[in-house]
Amino acid sequence: MIESVLITVVQAVLILAVSPFIIGLIRKAKARLQCRQGPGFLQPYYDMAKLFRKDVVASTHSSWIFTATPYVLFSTTLTAALLVPVFISQVPLNFAGDIITVVYLLALGTFFLILAGLDAGSAFGGMGSSREAIVAALTEPAMILSIFAVGLTAGSTNLSTIVHRTALLQGGVTDPPPHLLALAALFIVTLAETGRVPVDNPATHLELTMIHEAMILEYSGRYLALIEWASAMKLLLFLTLISNIFAPWGIATAQGPVWMTLGVAVWFAKTCGLALLIGLIESMFAKLRLFRVTDFLGLAFILSLMAIIFFYILRG
Amino acid sequence: MVALHGAGILLPIAFYNNPHFQNLSSHVAAMAASAAGVILGVAGLLAPMPVIFSMPSNLPLLSFQLRVDPLASFFILIISLAGWAVSQFAMGYVREFEGRHSIGVLGGLYNAFLLSMMLVVLADDGLFFLIVWEVMSLVSYFLVVTEHEKPETRYAGFFYLIMSHIGTAFIIVTYLVFYQQSGSFSFESFRHPAAPFPEGMRTLAFAAALIGFGTKGGIIPLHVWLPYAHPAAPSHISALMSGVMIKTAIYGLIRVYFDFMGGTAPWEWGFAVLAIGAVSALLGVMYALMEHDLKSLLAYHSVENVGIILMGLGAGMIFQSYGLPTLAALGLLAGLYHTINHAMFKALLFLSAGSLFQATHTRNMEEYGGLIRKMPWTAFFFLVGAVSISALPPSNGFVSEWLTFQSLFLSFQIPDVLMKIMLPIGAAMLALTGVLAMACFAKAFGISFLAMPRSVHAREAQEVTMSMRIGMGTLALFCLVLGIAPMFVIPSIDRITVPYTGASIAGRVISENGLAITPGMEIGFASISTPLLAAVLAILIPAGLLTAAAVGGRIRKRYYKTWGCGIDLKPRMEYTATGFPQPIKQVFSMIYRPMVKLETEMMEESHYFAKRMRFETHIEPVFQKYLYDPVVSVLNRLADRLRVVQAGSLHLYLTYIFLTLLVLLLWVR
């Protein structure tokens, strides 16, 4: 019991502590690819610390939804992150929710964020909310199907069971084609859900293109800090999902200080690698027009559907 | 129990003729009857054997027989729980009609409506069922046309009347097939016919039941009456019609398929139900997104949710056909769980819509806005309903939708590859439905309650009376309880499904410590624990607050108006209920076929300045245009032809009667 609580707390602290670093790493990678020095890796921490200490300006038109949303978003994202195996394959809270729960918990946060975007009455917020709704609507089916394709091999939709069983397989995945298709689909979903290029550009505040940034335009001070932190955690959550579902090697499959320390180190290395990849993609591609995003996300859906069909064809 | 039940039925009728305190008496009587109904429902679910009440009748073929079995009790419970809260709400709500309409008639019909729904699920005789079913349809028609002075209400009522009679006609076909095979209208003989049915007759009976009950339930393409009838009726009536009455269709389908037919059928039947469910769910939510009449929006969401319920049922039927009783029980469990959930949150949402209508005198969301400050309670209850219907954890909608997802994913146990692939596609459609529902309620809540008031009505709105708030609060509480206490709900639903599937799954679905639920497979397959999720969420919100306080100290907050690019922000600059789903409309333009008309009138002096602009946009009502309009026009043309025989002369009619008599006499000779 004590160990379970301890592992949960450690996981929460790890997610909270590492997530701003991942953002810093992506920014650094992009800067280096643009032949700039770029700010240090720790810049997101400084930014957040400063934001926490700043005054909050709230709109007179807004309601308690505006105040509550940062805390709701923070709490739903962190709860979702506690259901995902990070450094140990069987997380203590795994019985509280499976992958569908993770998807719907994140949707709860998105729901409140959409409301907050509308709350201040500004057209920018409404625009961001409206666009976020369509992007969320198109990603979710692809996400559910791609996870299901992986879950079929493991015979479960519980993340811990999927990761644990895949980690215990010696010599790799049994059917590579469905896994690769599902991986590609989930990667596209990750880019869309976390608001990265080519779906959304986190570095822009241009009204023609912004989605996520438009929704949170009215936020300042500690509210903004909490929202930024939650977005960083969401990104880390998705990177963790990808690395641990498709390449769970190195994750601790049993409790023990040595294995768990190794698990943390391997997880950190894997997510940093994926973050560098995202930095590379952001440097290589331009943001898609909003109505071209549909095709991109449709591709993810088709890929995940093919993963399921391939699974059944290969199994006969 | 018999006495209580008798009181539950007689009380509304006894008070019906009371001219004094019509409002109070009718709704207090309805509340008392509903309380009795709750007791009956719980008792019926716990009773070891079905209880049968018989009343003698001297009419041929007809017997007034009532049967309280777990399935009927479950629906009695749904009707009573919703009926109790709605009656509480109605006490405050109908005051608006005072002076304009007879409260006594409204209250009496309201009681008759509740009673007829109870009798529909209790009836144990085919003919008796049809009679009370027809009473239910007619009474609800009268309630829909309460505000009959408005032409659109009369049209809505007429439309509803026609559609429900088409539905009843198909149900009659089903029961006639059963009667022909078994020689009696008693449900007992339907269950155990003397000779096994020929396959063709069974298919006919099932297809007719699907169409007949589907019309009442609002499956696509038979859903067209819902977006007319629900907005036209007074809101507490729409809450009952949408939350409860359309559930009698689910009851009828389960009764016919699992009870009468024993649940054995080829997989195509289950697949048909699943496919209809998936299409209804997806198209229902898509049309809902485009509505800005709040009650039409909710009506389309009823189409969606009936679709989700049918997806659960359909999955259960498919599993039953392949001889997988535990999975069949899981599918049924998911469907029935969603049935009670939908009854609660849809009634809640319709009551909130009624409160908004009473406060603002409009149903158009474009004229709401900023109501969260004027009506904080209504806003909060609407938010609870919105979170529940969007299936966001830890609400009740999440539990039942999760069970539906799991029963669709467990399709990998079916030995047929086609089904193995089709059911996950159904799950993907369910996922899309879920997110679109979330988007739709983000729009409904955001446009109605947040930002600035968009009209004088919204600026002058006031919070509704206490009795209305209690009514909504009761339903919100039911939603929360159904969400975080599934371990108490599942065993009772299990009692319904055991006789039909032969498998008890409550022990497998609920984990040993009672905290988590799983789809009843091996350990570790998948599980959720809504109480735990609620606890973790509740712990982490203060954690966020504390972190912020620890790093930043005391909060210093300033208020300032929203930046409007240098000019004063006006309500006209806000995002509208039409603008919000615009990207969705564009992406799915294949389905919506939107029509946009823009007329610009230029100034005479210059062609660069517009004097007047007119913008019009609407989506194509595909089903009405391509399915209903041709039928209606053919019927109208036929009627025109037939007018020749109807000259209005009494002598001519007497001749017709004489001729008919002659032909009949010759025929029976």
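Our subject is the structure that appears above.
In this report, we go over the structure that sits alongside the text.

1. Points about the overall build of chain B
Then, number 1: When its secondary structure is counted, chain B shows 27 helices and five strands.
Then, number 2: If you line up chain B on its principal axes, its C-alpha atoms span 90 × 75 × 60 Å.
Then, number 3: Counting every position in chain B, which comprises 669 residues, the buried fraction comes to 59%.
Then, number 4: Residue pairs in contact within chain B that sit at least 24 positions apart in sequence constitute 78% of those at least 6 positions apart.
Then, number 5: For chain B, the exposed surface amounts to about 26,600 Å²; the carbon and sulfur share of it is 68%.

2. Here's the deal with the layout of surface pockets
Then, number 1: Looking at the largest pocket, its volume works out to about 970 Å³.
Then, number 2: Around the largest pocket, the lining comprises 47 residues; the ones closest to its centre are Arg27, Pro202, Glu213, Glu228 and Ser231 of chain A.
Then, number 3: At the level of secondary structure, the elements contributing two or more residues to the lining of the largest pocket comprise helix H1 (2–33), helix H2 (43–53), helix H3 (64–82), helix H4 (99–119), helix H5 (123–154), helix H7 (176–193), helix H8 (212–215) and helix H9 (221–246) of chain A.
Then, number 4: In terms of residue count, the dominant contributor to the lining of the largest pocket is H9 of chain A (eight residues).
Then, number 5: Residue classes in the lining of the largest pocket are distributed as 25 nonpolar, ten polar and twelve charged.
Then, number 6: Each pocket or cavity is described by its volume, and for the second largest pocket that value is around 760 Å³.
Then, number 7: What lines the second largest pocket is a set of 29 residues, and nearest its centre among them are Met290, Glu291, Tyr300, His618 and Ile619 of chain B.
Then, number 8: Broken down by secondary-structure element, the contributors of at least two residues to the lining of the second largest pocket are helix H9 (226–232), helix H12 (267–289), helix H13 (294–321), strand E5 (610–618) and helix H26 (622–642) of chain B.
Then, number 9: Here the lining of the second largest pocket takes three residues from H26 of chain B, the largest share from any one element.
Then, number 10: Of the residues in the lining of the second largest pocket, the class split is 13 nonpolar, nine polar and seven charged.

3. Details of the interface of chain B and chain A
Then, number 1: Opposite the 82 residues of chain B that make contact, chain A presents 81 residues.
Then, number 2: When chain B packs against chain A, the two sides together hide about 7,100 Å² of surface, and 73% of this comes from carbon and sulfur.
Then, number 3: When the shortest N-O distance is used, the salt bridge between Asp55 of chain A and Arg556 of chain B registers 2.7 Å.
Then, number 4: Linking chain B with chain A are 25 residue pairs in polar contact (both at pLDDT 80 or more), by the criterion used here.
Then, number 5: Going through the elements one at a time, helix H15 (371–374), helix H16 (376–389), helix H17 (396–409), helix H18 (417–449), helix H23 (530–552), strand E3 (557–560) and helix H24 (582–587) of chain B are the ones with two or more residues in the side of chain B that touches chain A.
Then, number 6: Looking at the side of chain B that touches chain A element by element, the count peaks at 18 residues for H18 of chain B.
Then, number 7: Bridge analysis of strand E1 (residues 56–59) of chain A against E3 of chain B gives four bridges, and the strand direction is parallel. Each bridged residue has a counterpart across the sheet, and for Ser59 of chain A the counterpart in E3 of chain B is Tyr560 of chain B.

4. Here's the deal with the packing of aromatic side chains
All names here are of chain A.
Then, number 1: Following the criterion strictly, the structure yields 51 aromatic pairs over all chains and no others.
Then, number 2: Summarising the aromatic geometry, the rings of Phe21 and Phe268 are spaced 5.6 Å apart at their centres and angled 35 degrees between planes, so their arrangement reads as tilted. Remark: Phe268 occurs in helix H10 (residues 257–284) and Phe21 occurs in helix H1; sequence separation between them is 247 residues.
Then, number 3: Judged by relative accessible area, Phe21 falls into the buried class, the value being 18%.
Then, number 4: With a centroid separation of 5.4 Å and an interplanar angle of 75 degrees, the aromatic rings of Phe311 and Tyr312 are classed as edge-to-face.

5. What about the side chain of His164 of chain A?
Then, number 1: By secondary structure assignment, the location of His164 of chain A is in helix H6 (residues 159–168).
Then, number 2: Once you skip the residues sitting within four places of it in the chain, His164 of chain A turns out to touch Ser89, Gln90 and Thr253 of chain A.

6. So, the side chain of Thr240 of chain A
All names here are of chain A.
Then, number 1: Along the chain, the position of Thr240 falls in helix H9.
Then, number 2: Side-chain polar atoms of Thr240 contact the backbone oxygen of Leu236, separated by 2.6 Å.
Then, number 3: Ignoring any residue separated from it by four or fewer positions in sequence, one finds Thr240 in contact with Val84, Pro85, Val86, Ile245, Trp267 and Thr271.

Rules used in this analysis
- Residues numbered from 1 in each chain as written.
- Chains lettered and ligands numbered in written order.
- Predicted model: local features only at pLDDT ≥ 70, side-chain atom pairs only at ≥ 80, totals over all residues.
- Heavy atoms only, no water.
- Helix = DSSP H or I, 4+ residues; strand = E, 2+ residues; numbered from the N terminus.
- Buried < 20%, exposed > 50% of the residue type's maximum accessible area, 1.4 Å probe, protein only.
- Contact = heavy atoms within 4.5 Å.
- Areas by Shrake-Rupley, 256 points an atom, 1.4 Å probe, with all protein chains shown as cover.
- 1 Å grid on protein atoms, 1.4 Å probe; cavity = no way out; pocket = protein on both sides within 12 Å on 5 of 7 lines; lining within 4 Å.
- Points joined across faces, edges and corners; volume = space filled by probe spheres on them.
- Nonpolar A, V, L, I, M, F, W, Y, C, P; charged D, E, K, R; others polar.
- Buried area = accessible area lost by both parts, 1.4 Å probe.
- Salt bridge = Lys/Arg side-chain N within 4 Å of Asp/Glu carboxyl O.
- Polar contact = N/O pair within 3.5 Å; in protein donor to acceptor, adjacent residues only side chain to side chain.
- Pairing = 2+ DSSP bridges.
- Phe/Tyr/Trp six-rings, centres within 6.5 Å; stacked < 30°, edge-to-face > 60°.

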